[in-house]
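Observations on the model geometry
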Amino acid sequence: MMTRRDLFRIGGKMLVLASVGATLEEITGAAPASEAYKMADHWWGMLIDIDKCIGCGNCVRACSKENNVPNGYFRTWVERYEVPEEGQPKVESPDGAMNGFPLPAPANVKSFFVPKLCNHCADSPCVQVCPVGATFLSPDGVVLVDQTYCLGCRYCVQACPYGCRFLNPETNTADKCTLCYHRITQGLTTACCENCPTGARQLVDFKNPKDPIHEFLRHNKVQVLKPYMATEPKVKYHDLDGAVR
Amino acid sequence: MRRFLQDWAHLLLPAGVLIAGLGVFLVIRAAVVPKSFGEYGHYRGAALEMIRQKPVSYAGQDMCVMCHDDQAKVKAAGKHATVHCEACHGPLAKHAEDPAANVPKLPDVAVLCKRCHEQDPAKPSWFPQVVTAEHSGGMKCTECHQPHSPHIATEADAGSGRGK
């Protein structure tokens, strides 16, 4: 006859075996890695040349169409700064520059355009605060959101110092620039870079020794946004004014 | 000694409950946590593949040039060399897949040219800009300019070697 002790002993053994089996299946049954593209060989970022940006908004429209971004929300946008010699700068971005800037800036003030997007920080606050591991830095350096895993708690939206995240009203999950991950992993450039008429935006791969970024960085001074946040942004700005936040 | 063993036996029940609880926890954890979680880090590894599956809307200039090499040559020699085809013509990945079924419309020149070339002091000074109302007097840009190679050659260009 089975005693209570036997019941616990056998039951316990069975439970441990079952969990070990499930864990083993978890380890060995992982999804196969994608064919030609090797994540370890890439470290993506972007170079933005302020002196080439004409504020046409082509990048904003392209991003919106490529990624089905809901109306009124932006994964990338363009700001126009008007910086007086004294006092606060004025920053505009009518509808994210979806239709460019219909009205010209005043001629007597320094003014310029600043395209913005997720900085794909190497040490990003948004990834650190996610309570469920729904947002992460991929092995090739892109900050992504797992739409099926996101709870929509908005913690990351608050944590991003650059205001690059929003809660998608259609999916109720956090949404942001993916650096067109579906394009760059098959050899295309991002939708914004593809459509930038002056080459103000360049997709760069810091791990590719043949990428022109290395030559560019040797000869030019670049800056990142809010360096004091120590987020290590991988979007580099050339010719950036100190007034830009 | 015998007394001690009897007391010790009291610990067996809570120990059994603890082990059973741990087992239940491990089984539930294995069932609930996605298979690829932790593959690369504290996230679902399969999400990467899922994000990659998204279809592309912009085919990319290289794709356009495969068929439209005549226009591409004209464009590459002109002032619009850095402007990729879809920057004006719109997303045409579907056209690249099935050219006959998805014929693109010509862009609306009145809106398109102005977005880039309407004068704005915020634009870099090297960039060609005009006040369209004064510049064209209501004429369509394409009446004078060929969009793929928009510069209109003048006698001054011939002297300076410009003429692109």
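Structural notes, computed from the coordinates.

Let's talk about the environment of Cys 180 of chain A
Residues and elements named next belong to chain A. Position of Cys 180 relative to the elements: it lies in the loop between strand S8 (173-175) and helix H5 (181-184). Residue Cys 180 is classed as buried on the basis of its relative accessible area, which comes to 6%. Note: C-alpha distance between Cys 180 and Pro 139 (41 residues apart in sequence) is 15 Å. The contacts of Cys 180, once residues within four sequence positions are left out, are Glu 66, Asn 67, Thr 190 and Ala 191.

Focus: the interface of chain B and chain A
Counting from both sides, the interface comprises 47 residues of chain B and, opposite them, 62 residues of chain A. Where chain B abuts chain A, roughly 4700 Å² becomes buried across the two surfaces, and 61% of that area is made up of carbon and sulfur atoms. The three residues of chain B that bury the most area against chain A are Arg 52, Tyr 58 and Arg 115 of chain B, which together make up 15% of that side's buried surface. Residues Asp 120 of chain B and Arg 80 of chain A are paired through a salt bridge, measuring 2.8 Å at the closest nitrogen-oxygen approach. Summed over the shared surface of chain B and chain A, the result is 15 residue pairs in polar contact (both at pLDDT 80 or more). Breaking the side of chain B that touches chain A down by element, the ones donating at least two residues are helix H2 (12-32), helix H3 (46-52), helix H6 (85-89) and helix H8 (109-117) of chain B. Broken down by class, the residue content of the side of chain B that touches chain A amounts to 29 nonpolar, eight polar and ten charged.

Topic: a nonpolar patch on the surface
Taken together, the side chains of Phe 8 of chain A together with Leu 13 and Val 17 of chain B make up a nonpolar region of the molecular surface, amounting to roughly 240 Å² of accessible area. Mapped onto the secondary structure, Phe 8 of chain A falls in helix H1 (residues 4-28).

Notes on the sheet that holds strand S4 (residues 110-117) of chain A
Residues and elements named next belong to chain A. The sheet built from three strands is open, its strands ordered S3-S2-S4 with antiparallel pairing. With one partner strand each, in any of the chains shown, strand S3 (90-92) and S4 form the two edges of the open sheet. Adjacent strand axes in the sheet meet at a mean angle of 25° when their direction is disregarded. As paired elements, strand S2 (residues 76-83) and S4 share eight bridges and run antiparallel to each other. Each residue of the ladder has a partner; that of Glu 79, found in S4, is Val 114.

Points about the side chain of Arg 201 of chain A
Residues and elements named next belong to chain A. Mapping Arg 201 onto the fold places it in strand S9 (residues 201-205). There is no salt bridge for the buried Arg 201, and the closest opposite charge comes from Glu 79, which lies 11 Å off by N-O distance. A polar side-chain atom of Arg 201 sits 3.0 Å from a polar atom in the side chain of Thr 76.

Things to note about the pairing of S2 of chain A
Residue and element names in this part refer to chain A. The buried fraction of S2 amounts to eight of the eight residues, a majority that puts the element mostly inside the structure. Taken together, the three bridges between S2 and S3 define a ladder with antiparallel strand orientation. Note on S3: the bridge partner recorded for Arg 80 is Glu 92. What sits between S2 and S3 in their antiparallel hairpin is a turn of six residues, with Gly 87 showing a positive phi close to 95°.

A few points about the nonpolar core
Within the largest apolar cluster, 58 residues are counted, with the highest numbers of intra-cluster contacts made by Met 46, Val 78, Val 114, Leu 179, Tyr 181 and Tyr 237 of chain A. Setting aside residues up to four positions removed in sequence, Tyr 181 of chain A forms contacts with Tyr 37, Met 39, Ser 138, Asp 140, Val 142 and Leu 144 of chain A together with Leu 48, Ile 51 and Arg 52 of chain B.

About the criteria used
Here the residue index of a chain counts from 1 through its sequence in written order. Starting at A for chains and at 1 for ligands, labels are handed out in the order in which the entities are written. Since the coordinates come from a predicted model, pLDDT governs what is reported: local features require at least 70, and pairs of side-chain atoms require 80 or more to be given and counted, while whole-chain, interface and lining totals use all residues. Excluded from the side-chain calculations are hydrogens and water; all other atoms, namely the structure's heavy atoms, are used. The secondary structure listing takes helices from DSSP runs of H or I that are at least 4 residues long and strands from runs of E that are at least 2 residues long, numbered from the N terminus. Exposure classes here rest on a 1.4 Å probe applied to the protein chains alone. A residue is buried below 20% of its type maximum, exposed above 50%, and partly exposed in between. By definition in these notes, contact holds between two residues if any of their heavy atoms fall within 4.5 Å. When two parts are put together, the accessible area they lose, computed with a 1.4 Å probe and summed over both, is reported as buried area. The term salt bridge refers to a side-chain nitrogen of Lys or Arg lying within 4 Å of a carboxyl oxygen of Asp or Glu. Any pair of nitrogen or oxygen atoms within 3.5 Å is treated as a polar contact; in protein, a donor-acceptor pairing is required on top of that, and neighbouring residues in sequence qualify only through side-chain atoms on both sides. Residue polarity is assigned by list, with Asp, Glu, Lys and Arg as charged and Ala, Val, Leu, Ile, Met, Phe, Trp, Tyr, Cys and Pro as nonpolar; anything else, Gly included, falls into the polar class. Think of a patch as exposed residues, more than 30% relative accessible area, with no salt bridge, where like charges cluster within 9 Å and nonpolar side chains (Val, Leu, Ile, Met, Phe, Trp, Tyr) cluster within 5 Å. Per-residue accessibility takes into account occlusion by the displayed protein chains alone, with areas from the Shrake-Rupley method and a 1.4 Å probe. In this scheme, strands are said to pair when DSSP sees at least two bridges between them. Angles run from 0 to 180 degrees between N-to-C directions of axes, and those axes are lines fitted to C-alpha atoms, restricted for helices to the stretch in contact. Under the counting rule used here, the positive set is Lys and Arg, the negative set is Asp and Glu, and His together with the chain ends is not counted. Residues belong to one nonpolar core when they are buried, are Ala, Val, Leu, Ile, Met, Phe, Trp, Tyr or Cys, and are joined through side-chain atoms within 4.5 Å.

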